[in-house]
Amino acid sequence: HERGLDPDKRRLILSVAAVEDVVAITFLALLPQLSRGYIDFLEALKSTVFSVIVAVALIVVGLTLVRYLFAKIVKPDDFGLAASISFSFAYALISRTAGLSPALGAFAAGLALSAHPKALEIGELIRPVRETFLVAFFVMMGFNVNLTAFSPLHIGVVLIISALITFMRFIAFSSWAWISSGYRLEEVLEMGFFAMSVGEFSLIIAYEAVRLNIT
């Protein structure tokens, strides 16, 4: 909305982002098994199904009961800000208690909060807090990386792979949007550049992979 994209373009970008989130949730479910050096198919399937069930349950509760309660008591003020952040931490704790990534619970909380009638106003209040958490996230991620264990060759390979992943994300999104939507090339490139920079869950997956020492 801030970038002036029309509703159809925003809907297309959000649709792709929703699919990516589903894939990301699957990755988050499989990371613990990858950390053990192998993947048992049945165990992976069970873990994935369990993750999806927990995520769906959190989302359904958020979009029904919590949304109803929040619409009644949460306003775009300091109390509403505190309640929204507390709700997100509570969902993350529930997800962690279930043996899943806290990011999964936070994602479900975000979906629930986005359905609030005053979501845009609450979002503006959360923006400064979000920026603070973002800085803290990158600092924590940096502390988990032992650069002394990397040779210049390893660092070069990491940078090349990162650039390739970013480029392929741009190519994949732009190509699919061009084929499926009928937009002009300039328009799909604009959306591709935007989508290329939106990847919060990829950062979470990278952090979890570093934490589990499987990078």
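Numbers given for residues are sequential positions, taken from 1 along each chain in its written order. Under the rules for a predicted model, residues below a pLDDT of 70 receive no local features and side-chain atom pairs below 80 are neither given nor counted, while totals for whole chains, interfaces and linings still include all residues. Side-chain measures were taken over the full set of non-hydrogen atoms in the model, leaving aside hydrogen atoms and water.

Caption draft 1: Just the overall build of the chain, in detail. Think of it this way: any DSSP run of H or I at least four residues long counts as a helix, any run of E at least two long counts as a strand, and we number them from the N terminus. Summing up its helical and strand segments, the chain has eight helices and zero strands in all. Traced from its N-terminal end to its C-terminal end, the chain shows the element sequence α-α-α-α-α-α-α-α. Within the span of the chain, comprising 215 residues, buried residues form 29% of the whole. Only heavy atoms enter the contact rule, under which two residues are in contact if any of them lie within 4.5 Å. Pairs at least 24 residues apart make up 67% of the contacts formed inside the chain by residues separated by at least 6 positions. Within the structure as shown, the chain displays about 13800 Å² of accessible surface, and the carbon and sulfur contribution to it stands at 72%. When charges are counted, Lys and Arg contribute as positive and Asp and Glu as negative, whereas His and the chain ends are disregarded. Note on charges: their place is set at NZ of Lys, CZ of Arg, CG of Asp or CD of Glu. Computed over 16 positive and 17 negative side-chain charges, the inter-centroid distance for the chain is 5 Å. Classification of residues uses two cut-offs on accessible area relative to the type maximum, computed with a 1.4 Å probe and protein chains only: under 20% is buried, over 50% is exposed, and between them is partly exposed. The method behind every accessible area is Shrake-Rupley, applied with a 1.4 Å probe, and residues are considered shielded solely by the protein chains displayed.

Caption draft 2: Just helix 7 (residues 185-196), in detail. Look at helix 7: 16 Å from first C-alpha to last across twelve residues, which is about the 16 Å you get at 1.5 Å a residue. Of the positions making up helix 7, those classed as buried are Glu187, Val188, Met191, Gly192 and Ala195. Projected down its long axis, helix 7 carries its buried residues within an arc of 135 degrees, all on one side. To estimate the expected span of a helix, count its residues, drop one, and scale the result by 1.5 Å. Think of it as the arc spanned by the lines of direction from the helix axis to the C-beta atoms.

Caption draft 3: Spatial organisation of the packing of helix 3 (residues 78-97) against helix 4 (residues 102-114). The contact between helix 3 and helix 4 brings their axes to 7 Å, and the two run at 140 degrees. In terms of orientation, helix 3 lies oblique with respect to helix 4. In this structure, helix 3 crosses over helix 4, and the sense of that crossing is right-handed. Residue-level contacts link Ser84, Phe87, Ser88, Tyr91, Ala92, Ser95 and Arg96 of helix 3 to Pro102, Leu104, Gly105, Ala106, Ala108, Ala109, Ala112 and Leu113 of helix 4. All axes are obtained by fitting lines to C-alpha atoms, using only the stretch in contact for helices, and the reported angles, taken between N-to-C directions, cover 0 to 180 degrees. An angle counts as roughly parallel when it lies under 35 degrees, as roughly antiparallel when it exceeds 145, as roughly perpendicular when it falls between 65 and 115, and as oblique in every other case. Two helices cross in a left-handed way if the nearer one is turned anticlockwise from the farther one by less than a right angle. They cross in a right-handed way if the turn is clockwise.

Caption draft 4: Highlighting the pattern of salt bridges. Throughout this description, the term salt bridge denotes a Lys or Arg side-chain nitrogen within 4 Å of a carboxyl oxygen of Asp or Glu. Enumeration according to the criterion identifies six salt bridges in this entry. A salt bridge links Glu124 to Arg127; the shortest N-O distance between them is 3.0 Å. In this pair, Glu124 and Arg127 are both assigned in helix 5 (residues 119-143), three residues apart and thus about one turn of the helix distant. Since its relative accessible area comes to 47%, Glu124 is described here as partly exposed.

Caption draft 5: Representation of the side chain of Ser174. Mapped onto the secondary structure, Ser174 falls in helix 6 (residues 152-181). Assessed through its relative accessible area of 7%, Ser174 is described here as buried.

Caption draft 6: Summary view of the side chain of Ser84. The topology assignment puts Ser84 in helix 3. For Ser84, a relative accessible area of 1% puts it in the buried group. Polar contact is the term for a pair of N or O atoms within 3.5 Å; when the atoms are in protein, one must be able to donate a hydrogen and the other to accept it, and sequence-neighboring residues count only if both atoms are side-chain atoms. Of note is the side chain of Ser84, whose polar atom sits 2.8 Å from the backbone oxygen of Gly80. Apart from residues no more than four positions distant in its own chain, Ser84 is found in contact with Phe70, Val74, Leu113, Ile122 and Ile126.

Caption draft 7: Local environment of the packing of helix 2 (residues 41-73) against helix 4. The geometry of helix 2 relative to helix 4 is characterised by a closest axis approach of 8 Å and an angle of 35 degrees between their N-to-C directions. Crossing hand, helix 2 versus helix 4: right-handed. Within the contact between the two elements, helix 2 uses Ser51, Ala55, Leu58, Ile59, Gly62, Leu63 and Phe70 and helix 4 uses Leu104, Gly105, Phe107, Ala108, Leu111, Ala112 and Leu113. A breakdown of the residues in the contact of helix 2 with helix 4 according to their chemical character gives eleven nonpolar, three polar and no charged. Just so you know the grouping, Ala, Val, Leu, Ile, Met, Phe, Trp, Tyr, Cys and Pro go in nonpolar, Asp, Glu, Lys and Arg go in charged, and all remaining residues, Gly too, go in polar.

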